Amino acid sequence: MSAQAETWRVSTFEGVFETDLETLKQWISEGCVLPTDKVSKGSLNWIEAGRAPMLRAAFAGEAPAPQPSIQNEAAVAPSSLTDVPQQDEIVQPAVTPAHSATAAASTHVCLNHPQVASKYICKSCSNAFCDECPRYFGTSRIPLCPLCGELCTLTEKLQNRAAHLEFQSSGFGLADFGRAIVYPFQHKVALLFGAGLYGFLLLAGLRGFLLAYVIMIGCIVHVISQVAWGRLHRSFMPDFSAFSMWDDVAVPFGLGISVLVVSWGPTILLVVALLFGVFSLAAPSPLDLAQGPGGQSQAPIDQDKLGAVLDPNGDPKKQEAGARELEKLHPGYQISHEAEKSKQQLNDPTAELRLFMSFVQVSLPFVLLLLLSVGWGIFYGPMAMAVAGYTQGIGSVLNPLVGLDTIRRMGLTYFKAFGMVLVIQAVSWILAGIVAVITAPLALPFFGNLPATFINGSLTFYFNLVVACVLGLSLFKCAERLGIAVD
């Protein structure tokens, strides 16, 4: 390495190393350095490797410049904790001549000691070795292949990665539904604490409800993001060690409101429009329909006939007809007339049908729009939450095109996940009803059923974690189609 070359430090699970930029790019192309590993240029602060501008091309697949062999350059992977070791610090074990670098050997046993299980695998020649065979570089004992000199990695790590890839490509089905059900119980203490806290906050009025909502949304988003990246064994509780009002309160609350707006916003707008009189649902009363279509509630009064009553010399027949018209103004006549209308309505089997048809004719546009908006909220709600989890961007959540494109790329997988979510929600509602019935005698005036609120809140916390895990697993199984960088 030249004296003018910039020194980079990289921290992986195997240790901390110093190297130059080109060698670091080589390690990235070989998969030795992941986007989540930490790197530092010179004396600058540590950042994630995937966020370093000079390394993005390497993570995108750009081929690095050819590097010299480790056997010809001793400073390829020195530890930052020690100086460059001398030649006598490298332990060179004896290699059986019968084994060559190209010999096909099992990765489960050592190439040189077939009776011993392998611990390391060379990233270059793919030969397996036990703990005694590799050359160890420096005091941090970095394993190097005794045949080609390249870095070796733990066999267990490669086996876990292979199992990880096999699990990802296994498809999404009922087995994942079972994993989601047991997922919250992997961290029982966190589950008891989170469910108890959520249920207690629901008893603390509006402020408690808002705080509980923020905690719930934060846990859901955290679970979806972690499971979508393949971290199924991480805790579902966010890390509050470095608490930030913006990241831990404002962002989850904004994501929750965004999910509510994009999924149930149309329904809310329709209800508001109905309250402000944009839609009118008034329909004719049953008495208005008693006379049939076009019928009138009362015959009009003939003024000419009434005038004949006042003429003493008038025609007796006209006077009699005027008397009948005058009788219509009597309250008793009007009461009997309304009673006759009611009788006709009871005896008319089509009156109720005509009333219903009149109501449908007036309210049909509103009913259709309401059904469409409710259907949109039910169907798109889980996807809106999934978008919030794997993007954690309010703009992406509010843009329904992002979710619809995700549904298109996920295909049948999303519909399976959607069906599972409906089942979980149905079970939660049934249990909530059972709890409400059992605890009904414990309800208090002005306070309501506090035990039912607490218990149902705790159950809601658990079921929401299951929903989040289902959505995260569906994203994980479609990571290649969605461009999600899983671990």
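See the structure shown above.
Residues numbered from 1 in each chain as written. Predicted model: local features only at pLDDT ≥ 70, side-chain atom pairs only at ≥ 80, totals over all residues. Heavy atoms only, no water.

Engineer: Would you take a moment to explain the overall build of the protein chain for this structure?
Structural biologist: When helices and strands are tallied, the protein chain shows 16 helices and 9 strands. By residue count, 37% of the 487 residues in the protein chain fall in the buried class. A total accessible area of about 27,300 Å² is found for the protein chain, and carbon and sulfur atoms account for 64% of it. (Helix = DSSP H or I, 4+ residues; strand = E, 2+ residues; numbered from the N terminus. Buried < 20%, exposed > 50% of the residue type's maximum accessible area, 1.4 Å probe, protein only. Areas by Shrake-Rupley, 256 points an atom, 1.4 Å probe, with all protein chains shown as cover.)

Engineer: Just checking my understanding: could you explain the sheet that holds strand S4 (residues 47–48) for this structure?
Structural biologist: To summarise the sheet geometry, strands pair through backbone hydrogen bonds and adopt either a parallel or an antiparallel arrangement. Taken in spatial order, the 4 strands line up as S2-S1-S3-S4 in an open sheet, and their pairing is antiparallel. A single partner strand is all that each edge strand has here, and the edge strands are strand S2 (15–19) and S4. The strands touched by helix H1 (residues 21–29) are strand S1 (8–12), S2 and strand S3 (38–41); relative to S2, the strand with the most contacts, the crossing angle is about 135 degrees. (Pairing = 2+ DSSP bridges. Contact = heavy atoms within 4.5 Å. Axes fitted to C-alpha atoms, helices over the stretch in contact; angles between N-to-C directions.)

Engineer: How should I be thinking about the packing of aromatic side chains in this particular structure?
Structural biologist: Aromatic ring pairs: the centre-centre distance and the angle between the two ring planes describe each pair. Here the structure, examined in full by the defined rule, presents 14 aromatic pairs. Aromatic side chains Phe17 and Trp27 sit 6.1 Å apart centroid to centroid with 75 degrees between the ring planes, which places their arrangement in the edge-to-face category. In this pair, Phe17 sits in strand S2 while Trp27 sits in helix H1, placing the two residues 10 residues apart along the sequence. The same class applies to Phe17 as to Trp27, namely buried. A ring pair is formed by Phe379 and Phe418, whose centres lie 5.3 Å apart and whose planes are at 65 degrees; its orientation type is edge-to-face. One end of the pair, Phe379, is in helix H11 (residues 351–391); the other, Phe418, is in helix H14 (residues 412–438), with 39 residues separating them in the sequence. (Phe/Tyr/Trp six-rings, centres within 6.5 Å; stacked < 30°, edge-to-face > 60°.)

Engineer: Is there a simple way to explain the nonpolar core in this structure?
Structural biologist: Considering soluble globular proteins, one finds that nonpolar side chains tend to be buried as a cluster. By size, the foremost hydrophobic cluster in this structure holds 61 residues, and its most contacted members are Val223, Phe236, Met383, Phe461, Leu465, Val470 and Leu475. A per-element tally of this core places helix H15 (residues 450–477) first, with 13 residues. For Val470, the residues in contact, after removing those within four places along its chain, are Phe172, Phe177, Ala180, Ala417, Met420, Val421 and Ile424. Residues Leu21, Cys32, Ala49 and Leu55 belong to the second largest nonpolar core, which totals 18 residues. (Core = buried A, V, L, I, M, F, W, Y, C linked by side-chain atoms within 4.5 Å.)

Engineer: What am I meant to see in the packing of helix H5 (residues 188–201) against H15 here?
Structural biologist: A pair of packed helices is captured by two measures, namely the crossing angle of their axes and the spacing between those axes. For the pair H5 and H15, the least separation of the axes is 7 Å and the interaxial angle reads 130 degrees. Judged on the interaxial angle alone, H15 and H5 are oblique. For the crossing formed where H5 meets H15, the hand is right-handed. Only Phe454, Gly457, Ser458, Thr460, Phe461, Tyr462 and Leu465 of H15 make contact with H5, whose side of the interface consists of Leu191, Gly194, Ala195, Gly196, Tyr198, Gly199 and Phe200. Classifying every residue of the contact of H5 with H15 by side-chain character gives 8 nonpolar, 6 polar and no charged. (Parallel < 35°, antiparallel > 145°, perpendicular 65-115°, else oblique. Left-handed = near helix turned anticlockwise from the far one by under 90°. Nonpolar A, V, L, I, M, F, W, Y, C, P; charged D, E, K, R; others polar.)

Engineer: Looking at this model, I keep getting lost on the sheet that holds strand S9 (residues 152–154). Mind explaining?
Structural biologist: Pairing is antiparallel in the open sheet, where 3 strands are placed in the order S6-S5-S9. Looking at the sheet topology across the chains shown, the edges are occupied by strand S6 (128–129) and S9. With 2 bridges connecting them, strand S5 (residues 120–122) and S6 associate as antiparallel partners. For Ile121, the partnering residue across the bridge sits in S6 and is Ala128. Sheet strands touched by helix H3 (residues 155–168): S5 and S9. Its angle to S9, the strand with the most contacts, is close to 70 degrees.

Engineer: Explain the pairing of S1 to me, please; I cannot follow it from the model alone.
Structural biologist: The two faces of a sheet get side chains in turn, since along a regular strand they alternate between them. Covered by surrounding structure in S1 are Trp8, Val10 and Thr12 only, the residues Arg9 and Ser11 on the alternate face being uncovered. Across 5 bridges, S1 lies against S2 in antiparallel orientation. The residue bridging Ser11 from the neighbouring strand is Val16, located in S2.

Engineer: Just checking my understanding: could you explain the packing of H3 against H15 for this structure?
Structural biologist: The N-to-C vectors of H3 and H15 enclose an angle of 100 degrees; their axes lie 9 Å apart at closest approach. Taken as axis vectors, H3 and H15 run roughly perpendicular relative to one another. Here His164, Phe167 and Gln168 of H3 lie close against H15, whose contacting residues are Leu473, Phe476 and Lys477. Considered class by class, the residues forming the contact of H3 with H15 number 3 nonpolar, 2 polar and 1 charged.

Engineer: How do you make sense of the side chain of Asp37 when you look at a structure like this?
Structural biologist: Tracing the backbone through its elements, the reader meets Asp37 in the loop between H1 and S3. Lys157 is the oppositely charged side chain nearest to the buried, salt-bridge-free Asp37, at an N-O distance of 6.7 Å. Look past the residues within four positions of Asp37 in its chain and what remains in contact with it is Ser11, Thr12, Cys32, Ile47, Glu48 and Ala49. (Lys, Arg positive; Asp, Glu negative; His and termini not counted. Salt bridge = Lys/Arg side-chain N within 4 Å of Asp/Glu carboxyl O.)

Engineer: Help me out: how do you make sense of H5 in this one?
Structural biologist: Since there are 3.6 residues in each turn of an α-helix, residues three or four apart along the chain are aligned in direction. Taking 1.5 Å per residue, 14 residues should reach 20 Å; H5 reaches 20 Å between its end C-alpha atoms and fits that length. Turning to H5, its buried residues are Ala190, Leu191, Gly194, Ala195, Tyr198, Gly199 and Leu201. Each buried residue of H5 sits inside an arc of 165 degrees when the element is viewed along its axis, so together they form one side. For H5, the exposed residues set more than 90 degrees away from the buried face come down to Lys188, Val189, Leu192, Phe193 and Phe200. On its buried face, H5 is in contact with helix H6 (205–228) and H15. (Expected span 1.5 Å × (residues − 1). Arc of directions from axis to C-beta.)

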